[in-house]
Amino acid sequence: MADTITLENLYERAVQRLDDAGIKSARLDARLILMKSLNISHTNFITEIKVLSFSAVNLRVAQENLDKRCEGMPVSRIFNEREFWGLPFYINEHCLDPRPDTETLIEAVVTAFASKRREALRFVDFGVGSGCILLSLLREFPNAYGVAVDISYEALKVTQKNADLLGVADRINFVCSDWDSALRVRGEDQFDVVVSNPPYIESQMIPKLEREVIHFDPMLALDGGISGLNPYKILVPKLKFLLKSSGRAFFEIGKGQESDVQRLVEKTDATLNGLYRDIAGIIRVVDISCGDK
Ligand code: GLN
């Protein structure tokens, strides 16, 4: 057995390697990388850790994936998948890696529209990317219909793939466009819910982002201009055309952007209904309506 290694030894070495490379979540990432690379289930990883052993040949893929993580590539990017709202999403270099913070937005919409869960609501998502927001909502609202807007055609291909995988492709349409010219809505086409997790990082902060973000998330999904507020300046004034009178918009915002976004909302005679905090206690989502127009 000289040329084999047990899972337990392999795991300890992998944790050490990631730790030495400065990866904060070394234990979790080592486990995920080994499970995926060696095709081991969650349960087997725990119950068989002392029993399973591998030859050098089987380990090649695992070692290559550990190398990628040491170079800063997030686990989700190595395997092109990320769980969001309990659902599996395919991701690639054309879309933002879904963050748990963004689940705050889903929670906010689900809570606000709890009494309309079975209605044929109309949703639109600006900068849909992987589709994690819009598709999670379509799963929560089984009779709703969604419009996916993105300037990146490649990103929309990712949304489409996820819509197929999640079984909601028959309730979604795609618009490849910048936001300003995306939709020319008439009265009957207005939306119940507008959502967006737009690029909101201030341009000058981009170089300071973690390598997991700056090297792997598309710049188009991060850079919100000098103030970080460019997307809200485009989207907020459009709400009075986009929303039904009972409609609401839910936007993700960056840390500390709530008062600036509130000022933009007040300037357009819209109403800020509420703010929602993420699991870290940071105000992450704004809830806006336009009322009677
Ligand atoms: N939440 C992401 C980050 O801080 C940014 C996403 C965005 O700009 N919408 O890394």
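For the structure, check the block above.
Residues numbered from 1 in each chain as written. Predicted model: local features only at pLDDT ≥ 70, side-chain atom pairs only at ≥ 80, totals over all residues. Heavy atoms only, no water.

Q: Is there a simple way to think about helix α7 (residues 132-140) in this case?
A: In an α-helix, one turn spans 3.6 residues, which is why side chains three or four residues apart end up on the same side. Counting buried positions along α7 yields eight of nine residues, so the element is predominantly enclosed. Buried within α7 we find Cys132, Ile133, Leu134, Leu135, Ser136, Leu137, Leu138 and Glu140. (Buried < 20%, exposed > 50% of the residue type's maximum accessible area, 1.4 Å probe, protein only. Helix = DSSP H or I, 4+ residues; strand = E, 2+ residues; numbered from the N terminus.)

Q: I would appreciate a short explanation of unusual backbone geometry in the present structure.
A: It is generally the case that most residues other than glycine have a negative phi and that most peptide bonds are trans. For Asn80, which is not glycine, the phi dihedral falls at a positive 55 degrees. Mapped onto the elements, Asn80 comes out in the loop between α5 (75-79) and β3 (81-84). Look at Asn80 and you get partly exposed, because its relative accessible area is 31%. A positive phi angle, close to 60 degrees, is found at Asp269, a residue other than glycine. For Asp269, the position within the fold is in the loop between α11 (258-267) and β10 (271-277). On the basis of relative accessible area, Asp269 is assigned to the exposed category, the value being 68%.

Q: Looking at this model, I keep getting lost on the environment of Gly129. Mind explaining?
A: Inspection of the secondary structure assignment puts Gly129 in the loop between β5 (122-126) and α7. Using a relative accessible area of 10% as the deciding quantity, one classes Gly129 as buried. Sequence spacing of Gly129 and Leu10 is 119 residues, and the spatial spacing of their C-alpha atoms is 36 Å. Not counting residues within four places of it along the chain, the set of residues in contact with Gly129 comprises Cys95, Asp150, Ala155 and Thr159. (Contact = heavy atoms within 4.5 Å.)

Q: How should the packing of aromatic side chains be read in this particular structure?
A: When we look at a pair of aromatic rings, we describe it by the centre distance and by the angle of the planes. Under the definition given, this model contains five aromatic pairs. Note on Tyr11 and Phe45: the rings are 5.3 Å apart at their centroids and 90 degrees apart in plane angle, and the pair reads as edge-to-face. With a gap of 34 residues between them, Tyr11 in helix α1 (residues 7-20) and Phe45 in helix α3 (residues 42-47) connect regions that are remote in the sequence. Accessibility assignment for this pair places Tyr11 and Phe45 in one class, buried. Measuring from ring centre to ring centre gives 6.1 Å for Phe84 and Phe89, while their planes differ by 80 degrees; the resulting arrangement is edge-to-face. (Phe/Tyr/Trp six-rings, centres within 6.5 Å; stacked < 30°, edge-to-face > 60°.)

Q: Would you take a moment to explain the site of the ligand for this structure?
A: Looking at the ligand, the residues that line it are Leu96, Arg99, Asn197, Pro198, Pro199, Tyr200, Ile201, Ala221, Leu222 and Glu252. Pro198 places a main-chain nitrogen or oxygen 2.6 Å from a nitrogen atom of the ligand. Here a nitrogen atom of the ligand sits 2.9 Å away from a polar atom, N or O, in the side chain of Tyr200. Relative to its unbound accessible surface of 300 Å², the ligand loses 87% to contact with the protein. Considered class by class, the residues forming the shell around the ligand number seven nonpolar, one polar and two charged. (Near = heavy atom within 4 Å. Polar contact = N/O pair within 3.5 Å; in protein donor to acceptor, adjacent residues only side chain to side chain. Areas by Shrake-Rupley, 256 points an atom, 1.4 Å probe, with all protein chains shown as cover. Nonpolar A, V, L, I, M, F, W, Y, C, P; charged D, E, K, R; others polar.)

Q: Honestly, the sheet that holds strand β8 (residues 191-196) in this entry has me stumped. Any pointers?
A: What holds strands together in a sheet is hydrogen bonding between their backbones, with the strands either parallel or antiparallel. In spatial order, the strands read β7-β6-β5-β8-β9-β11-β10; together these seven strands make up an open sheet with mixed pairing. Edge positions in the open sheet fall to β7 (172-176) and β10, since each of these has one partner strand only. The mean inter-strand angle of the sheet, taken between neighbouring strand axes irrespective of direction, is 20 degrees. Across the face of the sheet, helix α6 (residues 103-112) comes into contact with β8, β9 (243-252), β10 and β11 (283-289) while running at roughly 160 degrees to β9. (Pairing = 2+ DSSP bridges. Axes fitted to C-alpha atoms, helices over the stretch in contact; angles between N-to-C directions.)

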